[in-house]
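# Topology and contacts: notes
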Amino acid sequence: MLHKKRIISLLLIFTLSFGLTMQAQATDIKEVEKKGDELEEQKNAAEEQKKSLTAELESILGEMEEIQEQMAAKEAEIQQKEEELVQAKIDENNQYESMKKRIQYMYETGNAEFIEILFASESIGEFLNNAEYITTMSEYDREQLTKFRDIVDLVAQQEAELKSEYEELSALQTALGEKQQSVEQLLAETSTRIEDLEEQIGENAALLEKLMKEAEEAAERERQRAAALAAQQAAQAGRGGGSAYVAAGPSVVSGNGQFAHPCPTGYITSYFGEYRSPSDPSHRGMDFGTGGQAVPTYAAADGTVVIAGWSNSAGNWVVINHGNGITTKYMHHSALSVSVGQRVTKGQQLGLTGTTGNSSGVHLHFQVEVNGVAVDPRKYL
C-alpha cells in the first residue's frame, strides 16, 4: 500500500512539472504566433501600399504619355505657324516694295503720267472715272499693306500663344517626372520592406516550428516518464500477474521491409535461433534492448489483436493475426495500449517495453510465426 502511494505521488509530481513546462512552452508559442500575425498584417499593409503606388505610377506614366503627344502636336502647330509667319512677312514685304516703287515713280515723274491720263479723257465721265481709278489704286496699296501687317501680327500672336502652351506642357512634364522619381523611390522602399518582412516571417515560422517540435518532444518525454513510472509499478505487479494501460502515441513506420520495425529505438540483444539455456536451446524470436528505458513498441503490419494481456512467461504481451497464416508476438511490455479484438494498422503503438514475465531486463521479444511455426523476423524487417 505504501509503495502504491509513493508511485501515485511521483505521478502527481511529474504531472505538475509537465503542466508547468507545457504552460511555459505554450506561452512562448503564443508569443511567436502573435508576432507572426503582426508581421503578416504589416506585410499585407505594405503590399496594399505597393499596389497603390504601382497604380499611381501607372497613372503618372499615362499622363506623361498624353503630355508628350500634346507637346508633339504643339510642336507641329508651332512649326506651321512659323511657316505662316514667314509667308505673311514675305507678302507684307512684297506689298511694301511694290507700293514704294509706285510712290517713287509718282515722285520722280511729278505725277505727269497721271495728269496725262486725266487730260487724255475724251469726256467728263471718262475723266472722273480715271481720277477715281488713280485714287482707288492708292487706297488699295494702303489697304493691302495694312492687311498684310495685321496678318503678320495675328500669326505672331498665335505663335507666341502656342509657345506659351508648349512651355506649360513642358513644365507639367518636368513636374510629373519628379513625381515619378518620388513614387518609384517609395515603390522600391516598399518592395524592400516587403522582402524584409517575408524574411522575418520565414524566420518566425522556423522558430515556431522549432518550438512546437520541442513542445511535442517534451510532451513525449514527459509521457514516457509517466509511462516509465507506470511501467515500474506494472513490473512490480507483473510478477504476480496483471497488466497496465498507457495511451498510444503517434504511429511510427520505420524500416524498408515488409514489416515495420517493432522497436525503432531499440537495439538487438538476441537473434533468432540463438542458444539461450537448456530449456530454451533455440531462441524463437529477436530481442530488442532499450537501455533500461520504457520505449514505445509498434505493430509490424495491419491486423487484428487476438491477445492483449498477461502471461506468466511473456508478461504483458500482444499477439496480432495478420491473415494468410502470419502472426506476430510482442512480449514483456510494462504497459499496453491495445485491447483484444482491436484492429491495428502498421506502425500503431502497442505499448511500452518492460521486463514483465520471464525476463532479465527491459526489452521487447518480437516473434514472427507462419502457420504456427516461428521464423526469422529478419526476413520481414
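Notes on the structure follow. Everything numeric here is computed off the predicted structure, so don't read it as measured data. (Residues numbered from 1 in each chain as written. Predicted model: local features only at pLDDT ≥ 70, side-chain atom pairs only at ≥ 80, totals over all residues. Heavy atoms only, no water.)

We now examine the packing of aromatic side chains. Under the defined criterion, the tally for this structure stands at two aromatic pairs. Judged by centre distance (5.0 Å) and plane angle (20 degrees), the rings of Phe-259 and Tyr-380 are stacked. One end of the pair, Phe-259, is in the loop between α3 (124-238) and β1 (267-270); the other, Tyr-380, is in the segment after β10 (373-375), with 121 residues separating them in the sequence. Taking the relative accessible area as the measure of exposure, Phe-259 reaches 2% and is therefore buried. Given a relative accessible area of 15%, Tyr-380 falls into the buried group. For the ring pair Tyr-330 and Phe-366, a centre distance of 5.3 Å and an interplane angle of 45 degrees mean the geometry is tilted. Residue Tyr-330 is found in strand β6 (residues 326-336), and its partner Phe-366 is found in strand β9 (residues 363-370); the two are separated by 36 residues along the sequence. Taken individually, Tyr-330 and Phe-366 each receive the classification buried, so the pair is uniform in this respect. (Phe/Tyr/Trp six-rings, centres within 6.5 Å; stacked < 30°, edge-to-face > 60°. Helix = DSSP H or I, 4+ residues; strand = E, 2+ residues; numbered from the N terminus. Buried < 20%, exposed > 50% of the residue type's maximum accessible area, 1.4 Å probe, protein only.)

With that out of the way, let us pick up the pairing of strand β5 (residues 315-323). The side chains of a regular strand alternate, residue by residue, between the two faces of the sheet. Taken across its nine residues, β5 has seven buried, putting it largely inside the fold. Bridge count between strand β4 (residues 303-311) and β5: seven bridges; the pairing is antiparallel. The residue of β5 that forms the bridge with Thr-304 is Asn-321. Between β4 and β5, which follow one another and run antiparallel, lie three residues. (Pairing = 2+ DSSP bridges.)

Quick look at a negative patch on the surface now. Residues Glu-33, Asp-37, Glu-38, Glu-40 and Glu-41 make up a contiguous surface patch of negative charge. Its place among the elements puts Glu-41 in helix α1 (residues 2-109). (Patch = residues over 30% accessible without salt bridge, like charges linked within 9 Å, V, L, I, M, F, W, Y side chains within 5 Å. Areas by Shrake-Rupley, 256 points an atom, 1.4 Å probe, with all protein chains shown as cover. Salt bridge = Lys/Arg side-chain N within 4 Å of Asp/Glu carboxyl O. Lys, Arg positive; Asp, Glu negative; His and termini not counted. Charge placed at Lys NZ, Arg CZ, Asp CG, Glu CD.)

Take the pattern of salt bridges next. For the structure on display, the rule yields seven salt bridges. The partner of Arg-378 in a salt bridge is Asp-376, with the nearest N and O atoms 3.1 Å apart. Using a relative accessible area of 45% as the deciding quantity, one classes Arg-378 as partly exposed. Residue Asp-376 is classed as buried on the basis of its relative accessible area, which comes to 14%.

It is worth spelling out the layout of surface pockets at this point. The volume enclosed by the largest pocket comes to roughly 560 Å³. The wall of the largest pocket is formed by 23 residues, among which Arg-276, Asp-280, His-332, Asn-358 and His-365 lie closest to the centre. Put simply, the parts of the chain that give the lining of the largest pocket at least two residues each are β6 and β9. Taken together, the residues of the lining of the largest pocket sort by class into four nonpolar, 14 polar and five charged. (1 Å grid on protein atoms, 1.4 Å probe; cavity = no way out; pocket = protein on both sides within 12 Å on 5 of 7 lines; lining within 4 Å. Points joined across faces, edges and corners; volume = space filled by probe spheres on them. Nonpolar A, V, L, I, M, F, W, Y, C, P; charged D, E, K, R; others polar.)

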